[in-house]
Amino acid sequence: QVQLVESGGGLVQPGGSLRLSCVASRSIFNINYMAWYRQAPGKEREFCAHINADGSNYYAASVKGRFTISRDNAKNTIYLQMEHLKPEDTAVYYCYADPPGVGGAWGQGTQVTVSS
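Residues numbered from 1 in each chain as written. Predicted model: local features only at pLDDT ≥ 70, side-chain atom pairs only at ≥ 80, totals over all residues. Heavy atoms only, no water.

Chemist: Teacher, can you tell me more about the sheet that holds strand E8 (residues 77-82) here?
Modeler: In a beta sheet, neighbouring strands are held together by backbone hydrogen bonds and run either parallel or antiparallel to one another. Across the sheet, which stays open at both edges, the 4 strands sit in the order E1-E3-E8-E7 with antiparallel pairing between neighbours. Of all strands in the sheet, those with a lone pairing partner are strand E1 (4-7) and strand E7 (67-72), marking the two edges. Across the sheet, the mean angle from the axis of one strand to that of its neighbour is 15 degrees, orientation sign disregarded. (Pairing = 2+ DSSP bridges. Helix = DSSP H or I, 4+ residues; strand = E, 2+ residues; numbered from the N terminus. Axes fitted to C-alpha atoms, helices over the stretch in contact; angles between N-to-C directions.)

As structure tokens, then:
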């Protein structure tokens, strides 16, 4: 199994930026699928972005062009750089990892609030 800890959330004004981090308890070298999801109040959890072990990535249409996902295998960490934030980006952001053979794992989440 793997434990995930997110950080970097906070309160930011519309148009601002934040960088979220997700640190894993073990090496992520062989974890092909790692992703960020988010859940706004009263809504279901939704996909934001994922990154594969080879660095290829995919984004939801709602964040494409504004968010960038990256990974640093040496630090067992993935990141989500968020630019041009909008009020509708307000949510709890969750990290997800799918290590081979042991099933997926979620972090505890970090709150992002976009408000003036």
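Chemist: Would you mind showing me how to read the state of the cysteines here?
Modeler: When the sulfur atoms of two cysteines share a covalent bond, that bond is a disulfide. By the definition in use, this model includes 1 disulfide. Linked covalently through their sulfurs, Cys-22 and Cys-95 form a disulfide whose S-S length is 2.1 Å. One quick way to see it: the torsion about the S-S bond of Cys-22 and Cys-95 is about -80 degrees, and its sign makes the bridge left-handed. Highlighted residues: Cys-22 in strand E3 (residues 18-24) and Cys-95 in strand E9 (residues 91-98), separated in sequence by 73 residues. (Disulfide = S-S within 2.5 Å.)

Chemist: Got a minute to help me understand the nonpolar core in this structure?
Modeler: A general feature of soluble globular proteins is that nonpolar side chains tend to end up buried together. Ranked by size, the top nonpolar core spans 31 residues in total, and within it Leu-4, Met-34, Trp-36, Leu-80, Met-82 and Tyr-93 carry the most contacts. Those elements that place two or more of their residues in this core are E3, strand E4 (33-39), strand E5 (46-51), E7, E8, E9 and strand E11 (110-114). Beyond its immediate sequence surroundings of up to four residues, Met-34 is in contact with Leu-4, Ile-28, Ala-49, His-50, Ile-51, Ile-69, Arg-71, Ile-78, Tyr-96 and Ala-97. (Core = buried A, V, L, I, M, F, W, Y, C linked by side-chain atoms within 4.5 Å. Buried < 20%, exposed > 50% of the residue type's maximum accessible area, 1.4 Å probe, protein only. Contact = heavy atoms within 4.5 Å.)

Chemist: Quick question: what am I supposed to make of the side chain of Glu-6 here?
Modeler: When you line up the elements, Glu-6 lands in strand E1. At 7.4 Å, Arg-45 is the nearest oppositely charged side chain to Glu-6, a buried residue that forms no salt bridge. Here Gln-108 takes part through its backbone nitrogen, which lies 3.0 Å from a polar atom of the side chain of Glu-6. Reaching out from Glu-6, the side chain makes a polar contact with the backbone nitrogen of Gly-109 at a distance of 2.9 Å. Once residues lying within four places of it in the same chain are set aside, the contact partners of Glu-6 are Ser-21, Cys-22, Trp-36, Tyr-93, Tyr-94, Cys-95, Gly-107, Gln-108, Gly-109 and Thr-110. (Lys, Arg positive; Asp, Glu negative; His and termini not counted. Salt bridge = Lys/Arg side-chain N within 4 Å of Asp/Glu carboxyl O. Polar contact = N/O pair within 3.5 Å; in protein donor to acceptor, adjacent residues only side chain to side chain.)

Chemist: In this structure, what is going on with the side chain of Thr-90? I would like to understand it.
Modeler: Note on placement: Thr-90 falls in the loop between E8 and E9. A distance of 2.9 Å separates the side chain of Thr-90 from the backbone oxygen of Pro-87, its partner in a polar contact. At 2.9 Å, the side chain of Thr-90 and the backbone nitrogen of Val-114 are in polar contact. Ignoring sequence-local partners within four residues, the contact set of Thr-90 consists of Ala-40, Pro-41, Gln-111, Val-112, Thr-113 and Val-114.

Chemist: Help me understand the packing of aromatic side chains in this model?
Modeler: Note on aromatic pairs: each is described by the distance of the centres and the angle between the planes. Under the criterion given, the structure shown has 7 aromatic pairs. Measuring from centroid to centroid gives 4.8 Å for Tyr-96 and Trp-106, while their planes differ by 55 degrees, and the two rings are tilted. Residue Tyr-96 is located in strand E9, and its partner Trp-106 is located in strand E10 (residues 105-106); the two are separated by 10 residues in the primary sequence. For Tyr-96, a relative accessible area of 17% gives the class buried. In this structure an aromatic cluster arises from ring pairing among Tyr-33, Tyr-37, Phe-47, Tyr-58, Tyr-94, Tyr-96 and Trp-106. Above the plane of the ring of Tyr-94 lies Arg-45, whose end atom (NZ or CZ) is 3.7 Å from the centre. For the cation-ring pair, Arg-45 lies above Trp-106, with the distance from its terminal atom to the ring centre recorded as 4.5 Å. (Phe/Tyr/Trp six-rings, centres within 6.5 Å; stacked < 30°, edge-to-face > 60°. Lys NZ or Arg CZ within 6 Å of the ring centre and 35° of its normal.)

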